[in-house]
Every structure is written in structure tokens, then in C-alpha cells.
Amino acid sequence: MTDSAGRPRIRMTGNQRREQLLDVGRALFAEKGFEATSIEEIAARANVSKPVVYEHFGGKEGLYAVVVDREMRRLLDRITSALTGDNPRALVEQAALALLVYIEEETDGFRILVRDSPVVSSSGTFSSLLNDIASQVEYILVGEFSRRKLNPKLAGMYAQMLVGMVALTGQWWLEVRKPRREEVAAHLVNLGWNGLKGLEAKPRLSVSD
């Protein structure tokens, strides 16, 4: 059996074909975005007919949702598995570095996650993923806040600040790739952790009304 270009068509099992389509879709979504990627293009690059894509995923939206689900799990698993030990600063360092390692090693995946799309995966959105990570960081901060006699109820807000800072820096670093990831992580923790060290119990704005 050959394709339209006369090349022999590789026979695959259903699972193999599904994985191939996921790889092809992941590369195209990262390169062009959801809207600019077509079923025709996915099928052509995978060397299959359009009905094959529909058979496995029901359409472009279904394929995209599975790709996003996988990336969300990969990133969350990396960060969760990196959080080992009981030193609060080391845990923040590990989380920051885990995100940067993911960006460097899974660049296509991160590009897909940070792009806006009308399709919501079963795992939610990138924002919901960041909330999941912030919940883990909050757990770290609650103990540290209590130890320093700061209001532990504010730990959740500070966790959102830290995760947002790391995520936005990660998006910037995705394009520039300088300095190296370990140095970026060190500077992130320098700002975040040293800022936490000097927290005031009841901060006030210095500007006048």
C-alpha cells in the first residue's frame, strides 16, 4: 500500500497510530497554534487520510485536548517530584528549576500550554495548572509564615505571587534562553526568598492618598 506520493505506507497498530498523531499534532500546535493548524495538515504530515484523525480523536479539538492534558500532567509531575526534603528555600529552588528544565527539554509542550485556545482540556487550563502548583507552594509557606509569626492565612496569596513570577519569567526565558537555567532559577529565588525574609507583618503603601 502506498500514499498519494507513491511512498510505502507504514502499517501501525491502533496505539502506534494514535501516538504518531499525538506527536504530529503536538509539533504543529507548538509551531502554528491551534487556530492555524488544520486537520488536513495533521493528516498530511502523519501520512494518513483525514478520516483516520477523526477516528482516533473526533477532530482537531479532541486531538488538541489530549495533547494539552499530557503536557499539563508532565509539567505537574516534574514539579511535584522535584519537591523533596523539608528545607523551605530548597523546595522553592527545586520548583523554579523544575519549570525551567521542562521549558528547556519540552519546549513544544510549554509553547502549547502558554498559548490561549478556545479548547479546554479535561485537566483545565494553564492557569488552573499554576493554581495547582501554587497550592503546593502554599503548603511550604504556611509553615514558614507560622515560624516567623506572620499571618499564615496570607500564605496562599504569596504562593500565587511566587508562582506567577516564576511562570512569567519562564515565558520570557523561553525565547531568550540566557542566562542558563540554573542562573535564572537562582535569581528567581534570590528575589522571592529574600523578599520573603524581609516581610513586614502589616505592610503599608508608602504613597500618600
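These figures come from a predicted structure and were not determined experimentally.

Chemist: Any details on the overall build of the chain? Residues and values, ideally.
Modeler: Helix and strand content of the chain: nine helices and zero strands. Counting helices and strands in the order they occur from the N terminus, the chain gives α-α-α-α-α-α-α-α-α. Its C-alpha atoms give the chain a radius of gyration of 21 Å, more than 25% over the compact-globule value 17 Å for 209 residues. On the principal axes, the C-alpha backbone points of the chain span a range of 70 × 35 × 30 Å. Out of the 209 residues belonging to the chain, those deemed buried represent 40%.

Chemist: A description of the nonpolar core should follow, citing residues and the corresponding values.
Modeler: F29, I42, L75, L113 and L141 are the most contacted members of the largest nonpolar core, which totals 57 residues. It is helix α8 (residues 155–176) that contributes the most residues to this core, nine residues altogether. Setting aside its immediate chain neighbours within four residues, L113 contacts V68, E71, M72, L75, Y102, F126 and L129.

Chemist: Pulling in residues and values, what's your account of α8?
Modeler: Relative to the 32 Å expected for 22 residues at 1.5 Å per residue, α8 spans 32 Å between its end C-alpha atoms, a close match to the ideal helical length. Along α8, the residues that are buried comprise A155, G156, Y158, A159, L162, V163, V166, A167, T169, G170, W173 and L174. Where α8 terminates, the next one or two residues include R177, which has phi positive at roughly 55°.

Chemist: Can you lay out the side chain of T37 for me, pointing to particular residues and giving the numbers?
Modeler: Looking at the secondary structure, you find T37 in the loop between α1 (14–32) and α2 (39–46). Assessed through its relative accessible area of 1%, T37 is described here as buried. Within the structure, the side chain of T37 is placed 3.4 Å from the backbone oxygen of L28, a separation counted as a polar contact. With sequence-adjacent residues up to four places away left out, T37 is seen in contact with L28, F29, K32, I42 and K60.

Chemist: Break down the packing of α1 against α2 for me, citing the residues and quoting the values.
Modeler: Between α1 and α2, the shortest axis-to-axis distance is 9 Å and the interhelical angle comes to 125°. In terms of orientation, α1 and α2 fall into the oblique class. Handedness of the α1/α2 crossing: right-handed. Within the contact between the two elements, α1 uses R17, Q20, L21, V24, A27, L28, F29, E31 and K32 and α2 uses E41, I42, R45 and A46. Looking at the contact of α1 with α2 residue by residue, the classes come out as seven nonpolar, one polar and five charged.

Chemist: Please give an account of the packing of α1 against helix α6 (residues 107–114) that cites residues and values.
Modeler: In contact at an axis separation of 8 Å, α1 and α6 are set at 60° when each is read in the N-to-C sense. Relative to α6, the element α1 is oriented oblique. In the packing of α1 onto α6, the handedness of the crossing is left-handed. The segment α1 lies against α6, with R26, A27, F29 and A30 engaging D108, G109, R111 and I112.

Chemist: Quick one: what's the story with unusual backbone geometry, residue by residue and with numbers?
Modeler: A negative phi angle characterises most non-glycine residues, just as the trans form characterises most peptide bonds. In this chain, K178 is followed by P179 through a cis amide linkage whose omega measures -10°. Along the polypeptide, P179 turns up in the loop between α8 and α9 (181–197). At N47, a position not held by glycine, the phi torsion is positive, near 65°. Topologically, N47 is positioned in the loop between α2 and α3 (50–57). Judged by relative accessible area, N47 falls into the partly exposed class, the value being 23%. A positive phi angle is found at R177, which is not glycine, with a value near 55°. A relative accessible area of 29% means that R177 is categorised as partly exposed.

What counts, and where the lines are drawn
- Residues numbered from 1 in each chain as written.
- Predicted model: local features only at pLDDT ≥ 70, side-chain atom pairs only at ≥ 80, totals over all residues.
- Heavy atoms only, no water.
- Helix = DSSP H or I, 4+ residues; strand = E, 2+ residues; numbered from the N terminus.
- Rg over C-alpha atoms; globule rule 2.2 N^0.38 Å.
- Buried < 20%, exposed > 50% of the residue type's maximum accessible area, 1.4 Å probe, protein only.
- Core = buried A, V, L, I, M, F, W, Y, C linked by side-chain atoms within 4.5 Å.
- Contact = heavy atoms within 4.5 Å.
- Expected span 1.5 Å × (residues − 1).
- Polar contact = N/O pair within 3.5 Å; in protein donor to acceptor, adjacent residues only side chain to side chain.
- Axes fitted to C-alpha atoms, helices over the stretch in contact; angles between N-to-C directions.
- Parallel < 35°, antiparallel > 145°, perpendicular 65-115°, else oblique.
- Left-handed = near helix turned anticlockwise from the far one by under 90°.
- Nonpolar A, V, L, I, M, F, W, Y, C, P; charged D, E, K, R; others polar.

On their own, these measurements won't tell you what the molecule is for.
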